[in-house]
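# Residue-level structure breakdown
Here are the chains, one letter per residue:
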Amino acid sequence: MQKVRTDENGVLGGGGENSSGVFRTTIDPALLGHATITPDGDVIAGSWNTFTLTYTAGAYGIDDSGSLRICFRFASDQTPPQFDEPDGVNYTTITASNGAVLHCRFDPKGNVRPWDKTLYIKVVEGFLLPGDTITVRLGVTEHGGPGMRMQTFCEDSYEFRILVDPIATFNYQPLLDHPIVRIVPGSAERLVATLPTRRVAGQPFSLHVKGEDRWGNPTDKCDMTVLPVASMPVAGLPGQICLRPGEKAILVEGLRIHATGVLDLTLTDKEGAVIVRANPLEIVETAPLLPFWADLHGQSEETIGTGSAHDYFAFARDLAPVDATSHQGNDFQITNEFWAHLDHLTDVFEEPGRFLAVPGYEWSGNTGLGGDRNVFFPETGRKIRRSSHALIGDKSDIESDELTAAGLFKAFAENEEWDVICYAHCGGRYADIAVAHDGRFEKSVEIHSSWGSFEWLLQDAFKLGHRVGIVANSDGHKGRPGASYPGASMFGAIGGLTCLLMPELTREALFDCLRKRRHYATTGGVNGRPLLDVAASFSEPAQVYTDDPALGPATPTTQMSALMGDIVHLRQGRATLSVAARSAVPIERIDIFNGEVLVESIRPHAKTPLGRRIRMIWQGAEYRGRFRQVIWDGGATVAENEIISASGINFFNPDRPPVHETANSVAWSALTTGNFGGVDLWLKEPDAGQVSIVTPLVAETLEIADIGSEEIVFDRAAALPRDLRIFRLPDQLDTCDISLEREIRLNERGDNPIFIRVTLEDGTRSWSSPIYVFR
């Protein structure tokens, strides 16, 4: 199967008369040769394969010291080729048909984005004549190797992009056709059932059911019948739901519940065994605000992601599913034509009441100039102000560029674009809100995405006195907005979600919600849609603002309570925080914060007898930039005791779970990028013996009897927090629903940003946007 690509991305020269170093095509692509790949059909995501790519030299041949580049997309996570271990992963051989000597190497940043990952092949002795071939075998298995593990996410056109320098000028040009294969999902390893989080009695809602393969791809290879079991009567709920080959998801629409309460819905097999439990759905009599789920940050193949922009929006709506999304391509790759196309797509997919497509882009300035920001518009047809035209050939509108984040905010203000909403976020580049921040536009900070968790960005805001909300999104590059799994690449976490509290699903309501910071964030995943209610009540009347009075005139209302995101002037009196949390899996703890200060940790199991379970948690990031990964490879051993079983927490790569090596030892390979992971050990005896932990940062031995419910912390902070924590849990947690109230002692000077963080037993986390109280 062949595919024609005519875009200029991936073509970079290295000098010559053109001082820019960028060359246009100077040779007819038809004269550059051609390439084929075998096999060339469908390939299962994450499967092990052997490919033979054959390049046939064109009319020029390839001169002595000429070369090829075989390039793969930035987001692709297939195993890289290697040439030294024949029995290793993706052992690769490269030969010339005429015996010419070739030099080969793999460079993950060897070409222009998005085609970064590069297999470089240079002719170092001899040359190729027209018709001579270079044969590349990827994933050779004859010597005992497993082959090449294919990319773990689906793509209709996985491309082996070939660039040729036939005359040894270091001017690489793309072939006219590039070999491609189609990456398809594997068989279903789990079902995912999704309900809304809260609805009004009698209001229609839908149940979404899909199968996912081991890498989280929605799969059309399900063939099963499941039986819905509901804890309360649901009008319109069928007696069975059939998933058949060819269908990636089933949407059961028109459901209604006429009584109030909490729906617990499971899908079982015919014998009654539970296959999956949906997220809880609360039915209430009235609700001024309802939860809607969004992933407002990701990209498609037109910039640095995967799949078309059309497929990006369709996935979010039909397969994630979420209620709203936005395409946030890197601005320096968004041509005027693509910007117009994105506007068109947002209009096509926008369907108030069902799905919202929000216009916007990512301002992708260098960190020293402010760093990454998300930009959202309430309507199409708006002007894009880029950080640069780095990968855009048409420079006709370059005068509209804003090179700094401060300049971007200034331009919005000067042009009275007060309806623009921005987020600060941390991707490859990180946002530096000390360099630039304007609260009139920048309403929130994104503290979780597929790049990791970044609570330090929120702490920066507190230190600087910025009043921001908290959001999480995927920042996904794999074409799966709203259900973005990390696969096997540098992305260290599942993509996040934001729960927007709105009266209705319209773009107007969404922007009102964002301006008021009326939302909470989660780390996403199959249990990433908990219900979270956070409010404050006051013993004396308070002045409650939705606009920040520190930024200019703002009109308050006098109230005795406030919601997440509110800014409250409480001259005197007490503040009481009320919290209600509900999830499909047990709640491990709720942390209450006043700004950077942890006020209290509430463990719902506090009165449950502790048992034989020891939890070890590692977390942190090396520093704020791209290379923030902290390696936690290591293991745990016990003496004078035995490990009955072990399970991982936030081990996202199914090929690398913790290994229960012996009755006394567990080993793991793990990293964090600001988020956390860990293991649970169930011991034979609850208090006998010692446990030893060895990782690159922590090597300690503890008496098991000394491990209780309070965390033992081994702090290894550097530029950012890094630590390993050990504590004990009951053998089984069972609290999925908790309500509580706490009086909060307020600081008399400065802000009191009151918010909570909820941690579930499986490692999922949520954060409420702060309520800012000041005296």
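Here's a quick rundown of the structure. Please read these numbers as outputs of a predicted model, since none were measured by experiment.

### Some words on the pairing of strand S36 (residues 519–522)
Because side chains alternate across S36, one face comprises the buried residues His519 and Ala521, and the other comprises Tyr520 and Thr522, equally buried. Of the pairings in the sheet, the one linking strand S35 (residues 497–502) to S36 comprises four bridges and is antiparallel in character. Counterpart to Leu500 in the pairing with S36 is His519. Two elements, S36 and strand S57 (residues 765–768), share three bridges in a ladder whose sense is antiparallel. Looking at the pairing, Tyr520 lines up with Ser768 of S57.

### With respect to the pattern of salt bridges
A complete count under the given rule lists 54 salt bridges for this structure. Its salt-bridge partner being Arg190, residue Glu212 comes within 2.9 Å of it at the nearest N-O pair. You can see Glu212 sitting in strand S18 (residues 205–212) and its partner Arg190 sitting in strand S16 (residues 190–194), a full 22 residues away along the chain. Among the ionic contacts, a cluster of salt bridges with common partners joins Arg198, Glu282, Asp533, Arg582 and Asp737.

### A few points about the state of the cysteines
Tallied over the full model, the rule gives zero disulfides. Left unpaired, Cys71 is separated from the closest cysteine sulfur, that of Cys104, by 14 Å. Looking at Cys71, the relative accessible area reads 0%, which means it is buried. No disulfide involves Cys736; its nearest neighbouring cysteine sulfur is the one of Cys499, lying 18 Å away. The class for Cys736 is partly exposed, based on a relative accessible area of 24%.

### Observations concerning a nonpolar patch on the surface
Taken together, the side chains of Leu31, Tyr60 and Ile167 present a nonpolar region at the surface, about 260 Å² in accessible area. With respect to the helices and strands, Ile167 occurs in the loop between strand S13 (161–165) and strand S14 (173–174). Owing to a relative accessible area of 41%, Ile167 belongs among the partly exposed residues under this scheme.

Conventions and cut-offs
- Residues numbered from 1 in each chain as written.
- Predicted model: local features only at pLDDT ≥ 70, side-chain atom pairs only at ≥ 80, totals over all residues.
- Heavy atoms only, no water.
- Buried < 20%, exposed > 50% of the residue type's maximum accessible area, 1.4 Å probe, protein only.
- Helix = DSSP H or I, 4+ residues; strand = E, 2+ residues; numbered from the N terminus.
- Pairing = 2+ DSSP bridges.
- Salt bridge = Lys/Arg side-chain N within 4 Å of Asp/Glu carboxyl O.
- Disulfide = S-S within 2.5 Å.
- Patch = residues over 30% accessible without salt bridge, like charges linked within 9 Å, V, L, I, M, F, W, Y side chains within 5 Å.
- Areas by Shrake-Rupley, 256 points an atom, 1.4 Å probe, with all protein chains shown as cover.

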